[in-house]
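So the chains spell out like this:
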Amino acid sequence: MNYTDMTIHELHDRLRAGEVTSVELTRAHLERIEATDGAINAYITVCPDEALAAAAAADARIAEGRADLLTGIPIALKDIFLTEGVRTTCASKILDNFVAPYDGTAVARLKERGAVILGKLNMDEFAMGSSNENSAFGAVKNPWNLRTVPGGSSGGSAAAVAASQAVATLGTDTGGSIRQPASHCGVVGLKPTYGRVSRYGVIAYASSLDQVGPLTRDVEDCAIMLQAVAGFDGADSTSVDVPVPDYRATLRDGIAGLKIGLPKEYFIEGLDPEVKKAVETAIAVCRNLGAEVVEVSLPHTDYALACYYLVATAEASSNLARYDGVRYGVRSEENKGLIDMYSRSRAEGFGAEVKRRIMLGTYALSSGYYDAYYLKAQKVRTLIRRDFLDAFAQVDLLLTPVAPTAAFPIGEKTADPLQMYLSDIFTIPVNLAGTCALSLPCGFTAEGLPIGLQLIGKPFDEATLLQAGYAFEQATEWHKAKAKI
Amino acid sequence: MKITRPEVEHVARLARLALDDGEFDALTGEMDAILGYVAKLEELDTDGIVPTSHAVPMENAFRDDLVKPSIGTGTALRNAPEAADGCFRVPRVIE
């Protein structure tokens, strides 16, 4: 087996045994990126010098017997994470020349453990999109079929893992941006509970929904990555000071005896028949492993998308006000004074989808419309959150599809924003409720495109999610399939 | 119609976006369609429902008022489109 196809835990054993060095692993990944990224376009910035220096330091640390699970492992980051001294663009023209002055908390925690950062990954501009077609640096292609999208907004993070260009990656998830691309690219993706991972040094889209999480080859790697980045951070006042359990300690506890709810509102018309069949097969696997499966109801599901597109755009319009051509980013050359400079810099720097969301959010917050749109959406958010808390009074986990279809062809939905938004109907409610969810490979379409299964957990109960996901993975082979690229 | 072109132009001024004619035309149709869709929230009775601004209930996060190192003027100005005398330089403010 190739070193670029292995998991973190497999590589850790080989690094410790001296079978391979981190410098060798890092070189192998850099060569793989060089060979495949012309076709995939997963990377915006590759950092060979920094990566090889970090790999050499990791090899020294391993030789001293001080290796952490992540020491020497080549990983990559969505280009939304600030990385000291490295260009950080958020896939926007407006940040084309921005070099981050410090490391965000999640990045600093990965570096402390000795992880090797290969580079910065492509994404939808400012994390706004479901297909990775909204990048100022070009669309990312799905490694399973180059004519289809990898999903978004963390499309580069998912494609890089699927194409063996990184062992694991970090993404962010505001309405499905980790889980939906993980599903479309056949990898594992976790959106932790809001507040579980610090957002310090992560470029903000919608601050009450954004959350950092890993994309990996298997559930055990997902547990390792979450362990590294989870936990309270004084620099993020919304990170929550609750204990972080040892996720690997309970990983093998099995799914038997767990009660799984199937929300009836998620098994609807419009769900692709192949996706439906794969998820039904997955339900049977869970039953055979001893889980109890019951139907539950999340009655306000149908309102989640409308709620999200008011809450998220309102927060985005406020967050993105900072890009004004003064402190960082691109400034319009021509202008007639300060206000005109702001307006031209923003119009020239932002892409179409970002402008659309800023406009919608500004409208929803503007005088005369605030109560009808933003406040109304916040109240509906309460109803959606209650749906989940009520369901979790009856069951340990919820099981649903990740997306209504497998990956769609590039260009298919770009003309109709609402159709694109509907790609996220099964993932968005989780962000509104603020809880955690895992996306796992559970099958393929007849055309050979991956299908994903979503497990949704109670707030701060990522451990049960990973435990159930691990049991499912051990009983199936889907995560072992490799894209031929 | 949920939104008209003059309203879209007003919102663009609020958002500090110097959009062109083609963008105004496209956005008027797109925002109208999206606002038409989100109007479904009106079906729900939300009287007496407390709005959720954060999914995880939290109180104000206080910390001790300690002086800590910051990135400093030089680093802070490194990404500035224009800087002078340790400050961000901007076009004329008072016209």
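Residues numbered from 1 in each chain as written. Chains lettered and ligands numbered in written order. Predicted model: local features only at pLDDT ≥ 70, side-chain atom pairs only at ≥ 80, totals over all residues.

**Details of the packing of helix α9 (residues 304–319) of chain A against helix α11 (residues 352–365) of chain A**
The axes of two packed helices give the description: the angle between them and the distance between them. Residue and element names in this part refer to chain A. Orientation of α9 relative to α11, taken along the N-to-C sense of each, is 100°, at an axis distance of 7 Å. Between α9 and α11, the interaxial angle falls into the category roughly perpendicular. Contact with α9, carried on its side by Tyr309, Leu310, Thr313, Ala314, Ala316 and Ser317, involves Arg357, Ile358, Leu360, Gly361, Thr362, Ala364 and Leu365 of α11 and no other residues of that element. Among the residues making up the contact of α9 with α11, the classes are represented as eight nonpolar, four polar and one charged. (Axes fitted to C-alpha atoms, helices over the stretch in contact; angles between N-to-C directions. Helix = DSSP H or I, 4+ residues; strand = E, 2+ residues; numbered from the N terminus. Parallel < 35°, antiparallel > 145°, perpendicular 65-115°, else oblique. Contact = placed C-beta atoms within 7 Å. Nonpolar A, V, L, I, M, F, W, Y, C, P; charged D, E, K, R; others polar.)

**Quick word on the sheet that holds strand β8 (residues 292–296) of chain A**
Residues and elements named next belong to chain A. The strand order across the open sheet built from eleven strands is β1-β3-β2-β4-β6-β5-β10-β11-β9-β7-β8, with neighbouring strands paired in mixed fashion. Edge positions in the sheet fall to β1 (43–46) and β8, since each has one partner strand and no second. Looking at each pair of strands side by side, their axes are set apart by 30° on average, direction ignored. As judged from the eight bridges shared by strand β10 (residues 436–444) and strand β11 (residues 450–457), these two strands associate in the antiparallel manner. (Pairing = 2+ DSSP bridges.)

**Considering the interface of chain A and chain B**
Taken together, the contact between chain A and chain B spans 54 residues of the former and 42 residues of the latter. Counting residues per element, the side of chain A that touches chain B draws most heavily on helix α12 (residues 371–392) of chain A, at ten residues. Looking at the side of chain A that touches chain B residue by residue, the classes come out as 29 nonpolar, 15 polar and ten charged.

**Examining the domain arrangement of chain A**
Residues and elements named next belong to chain A. By the assigned domains, chain A splits into domain 1 (3–253 + 467–480) and domain 2 (302–378). Facing 21 residues of domain 1, the contacting portion of domain 2 comprises 17 residues. Classifying every residue of the side of domain 1 that touches domain 2 gives ten nonpolar, eight polar and three charged. (Domains from an automatic or database assignment.)

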